[in-house]
Amino acid sequence: MNIVTKPSTLKSPSCCGDGEGSVQVQLDPTLKIGTAKVFSVYGKGGIGKSTTSSNLSVAFSKLGKRVLQIGCDPKHDSTFTLTKRLVPTVIDVLESVNFHAEELRPEDFVFEGYNGVMCLEAGGPPAGTGCGGYVVGQTVKLLKEHHLLEDTDVVIFDVLGDVVCGGFAAPLQHSDRALIVAANDFDSIFAMNRIVAAIEAKSKNYGVRLGGVIANRSAATDQIDRYTEKANLKRIAHFPDLDIIRKSRLKKSTLFEMDETPELKAVQDEYMRLATDLWDGKEAPLKGTSLKDREIFDLLGFD
């Protein structure tokens, strides 16, 4: 893996770079995931990306798809509602064998969760000492070496917060579609705008495209809809702020394992519809146009 360090003089190769001026981490261009459909889930920290990712993984599995969810956060809690525990991270297990990957077995770092969803936590480097892009690259390399991607239909990357530096934008280099989770508030939409800008940059040299916006933890969607109309995006799902969703995390369970109520059934149905639409490619990829910071300030709020 090469890291470009002189943005003013170096130009990234067109096959795998991010264009002139980039200081983003470059991953090995030969490490391609393969035939699986790959989705990356982004959004402001604490907005419910892991809940969204895990329940979307279950929905895909209930469609009969073989699903792999990859958590990309040092907190490594993306998959705990699927596995009912915090599983060891890729960095943990690599460190345990002094980074001799050939000594690892698949069961050392991939764990089966609810309804057969395969779960992996990439983890992250020690704070202030490394790059998340390295971790993502090592994770994909490990999966390829053990041929674990050959039997996978869907890969979901659940990515740390609204950080869109080269490291945590790295999953976009492997993805077909990027999904953004946002609440109906200014902070979420401001973070979403930065993520849109990151996807714009990546889409110039990679196959990733915007898949749409998932409104989460919100009764209304008026502010999100204002932004999506202006930014050439589309809201593709809406999950309200229900207490049953909060409780599911506390119970270490996906929403598909909770006692069913009419409101929960509606949420489950929305996840199933979203998974079906994403698998079928019902929605065309979105161009997306990020706004200037001042434009967002002027756009949102009440007249």
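Structure first, text after, so check above.
I will try to describe carefully the structure that is included in this document. (Residues numbered from 1 in each chain as written. Predicted model: local features only at pLDDT ≥ 70, side-chain atom pairs only at ≥ 80, totals over all residues. Heavy atoms only, no water.)

Comments concerning the overall build of the chain
From N to C terminus, the chain includes nine helices and ten strands. Across the 303 residues in the chain, those meeting the buried criterion constitute 52%. Taking all contacts inside the chain whose residues are at least 6 apart in sequence as the whole, residues at least 24 apart take part in 75%. (Helix = DSSP H or I, 4+ residues; strand = E, 2+ residues; numbered from the N terminus. Buried < 20%, exposed > 50% of the residue type's maximum accessible area, 1.4 Å probe, protein only. Contact = heavy atoms within 4.5 Å.)

A closer look at the side chain of S248
Here S248 shows up in helix 7 (residues 243–250). The class for S248 is buried, based on a relative accessible area of 1%. A polar atom in the side chain of S248 sits 2.6 Å from the backbone oxygen of I245. Every residue in contact with S248, bar those within four places of it in the chain, is listed here: T81, S253, L255 and M258. (Polar contact = N/O pair within 3.5 Å; in protein donor to acceptor, adjacent residues only side chain to side chain.)

Considering helix 7
Residues of helix 7 that are buried: I244, I245 and S248. Seen from one end, helix 7 has its buried residues packed into an arc of 105 degrees, which puts them on one side. The secondary structure elements touched by the buried residues of helix 7 are helix 1 (49–62), helix 2 (80–83) and helix 8 (262–280). Positive phi shows up at K252, right after helix 7, with a value of about 55 degrees. (Arc of directions from axis to C-beta.)

Looking at the environment of N115
Within the fold, N115 resides in the loop between strand 5 (111–112) and strand 6 (118–121). Spatially, the C-alpha atoms of N115 and R66 are 9.9 Å apart, while their sequence positions differ by 49 residues.

Details of the sheet that holds strand 3 (residues 37–43)
Hydrogen bonds along the backbone pair up the strands of a sheet, which may run parallel or antiparallel. Taken in spatial order, the eight strands of this open sheet run 5-6-4-7-3-8-9-10, and their pairing is mixed. Strands with a single pairing partner mark the edges of an open sheet, and in this sheet they are strand 5 and strand 10 (235–239). Examined bridge by bridge, strand 9 (residues 209–216) and strand 10 share four bridges and lie parallel to one another. Across the sheet, residue I214 finds its bridge partner in strand 10, namely A237. The sheet contacts of helix 4 (residues 132–145) involve strand 4 (67–72), strand 6 and strand 7 (154–159), and relative to strand 4 the element is tilted by about 155 degrees. (Pairing = 2+ DSSP bridges. Axes fitted to C-alpha atoms, helices over the stretch in contact; angles between N-to-C directions.)

Let's talk about the packing of helix 5 (residues 186–202) against helix 6 (residues 222–230)
The geometry of helix 5 relative to helix 6 is characterised by a closest axis approach of 11 Å and an angle of 25 degrees between their N-to-C directions. One way to sum up the angle between helix 5 and helix 6 is to call them roughly parallel. At the point where helix 5 passes helix 6, the crossing takes the right-handed sense. Facing helix 5, whose interface residues are I189, M192, N193 and V196, helix 6 presents Q223, I224 and Y227. Tallied by class, the residues present in the contact of helix 5 with helix 6 amount to five nonpolar, two polar and no charged. (Parallel < 35°, antiparallel > 145°, perpendicular 65-115°, else oblique. Left-handed = near helix turned anticlockwise from the far one by under 90°. Nonpolar A, V, L, I, M, F, W, Y, C, P; charged D, E, K, R; others polar.)

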